[in-house]
Amino acid sequence: MVATGSLDGRVAVITGSTRSIGRAIAEAFLADGATVVLSGRSEIKGKQALEELQAGDKAVFHACDSSSQADIEALVDWTVERFGRLDIMVNNVGGTEGFAPVHELSDEAWHKALDLNLNAYFYGTRRALKPMLEGGWGRVINISSVEGKQANKPAISHYITNKHAIHGLTKATAFEYGTLGITCNAVLPGMTASSGILSMPQEIVDAWVAAMPTGELVATEDIADAVAFFARPAARKVTGQELVVDGGAALNTRSVTQSAVQA
């Protein structure tokens, strides 16, 4: 990543940012001069992240369970209280469990996915907009997924549905606040070399890599660079957009995961 210093004086909040994609985004923002508020459920992981970043008072941690509306809103409020502003909100946390085809998907899995992948983005965005409006400048950046562009994998309808919905929220936010100095965009990662992906069965990872024109997993730094672009002044006229960073995997509309499982 290339440091630009273009975010000097800006304050950014990133949900789910003690490791993986969120952590890489934090590093990109720090390189650009921003002050970064990292968040996550674990105080221990937060402390470790700060020690590794060695960013001094440019990086702080605030505990937050992103599936909780109260926690998300408290994270935003704490940031504004601490720094007197909030300029960049990155809704990054996400995931799912309870994998099953639609007719077998449980209520619990459906509602958990909604809370973590969609409701958290709405609550974070809504709360962050007030200080952005007061400052006359803001960047909301939603980390979605290439699954929000397609539906070619089995047993993750709840995840796919949420990711499609995030794009609607992104566009609606961009439309409503575009004349007020606030942009809203989404970055859509594909198969990324994150802890979650690397813990998957190797045959599934290999099948995905084989289907990617670039022939390798996306790096977390690749996602961070895309996010940093949307935050920088160079993207001030870019809003309501969805940037896919997936090594070209979306070009393959066949269900690669299903093929790998059946092999």
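Everything in this summary refers to the structure shown in the same document. (Residues numbered from 1 in each chain as written. Predicted model: local features only at pLDDT ≥ 70, side-chain atom pairs only at ≥ 80, totals over all residues. Heavy atoms only, no water.)

Notes on unusual backbone geometry
Phi is positive for S20, close to 55°, though the residue is something other than glycine. Residue placement: S20 occurs in helix α1 (residues 20-31). (Helix = DSSP H or I, 4+ residues; strand = E, 2+ residues; numbered from the N terminus.)

Details of the sheet that holds strand β7 (residues 242-245)
Strand pairing in a sheet takes place through backbone hydrogen bonds and is either antiparallel or parallel in direction. Read across the open sheet, the 7 strands follow the order β3-β2-β1-β4-β5-β6-β7; overall the sheet is parallel. Looking at strand neighbours, the two that pair on one side only are β3 (59-63) and β7, the edges of this open sheet. Adjacent strand axes in the sheet meet at a mean angle of 20° when their direction is disregarded. Bridge count for strand β6 (residues 182-189) against β7 is 4 bridges, and the pairing is parallel. Paired with V187 across the two strands is L243, which belongs to β7. (Pairing = 2+ DSSP bridges. Axes fitted to C-alpha atoms, helices over the stretch in contact; angles between N-to-C directions.)

Focus on the state of the cysteines
Taken as a whole and assessed by the stated rule, the structure comprises 0 disulfides. You can see C64 has no disulfide; the closest cysteine sulfur is in C184, sitting 18 Å from it. The exposure class of C184 is buried, given its relative accessible area of 1%. (Disulfide = S-S within 2.5 Å. Buried < 20%, exposed > 50% of the residue type's maximum accessible area, 1.4 Å probe, protein only.)

Read these as geometric descriptors, not functional statements.
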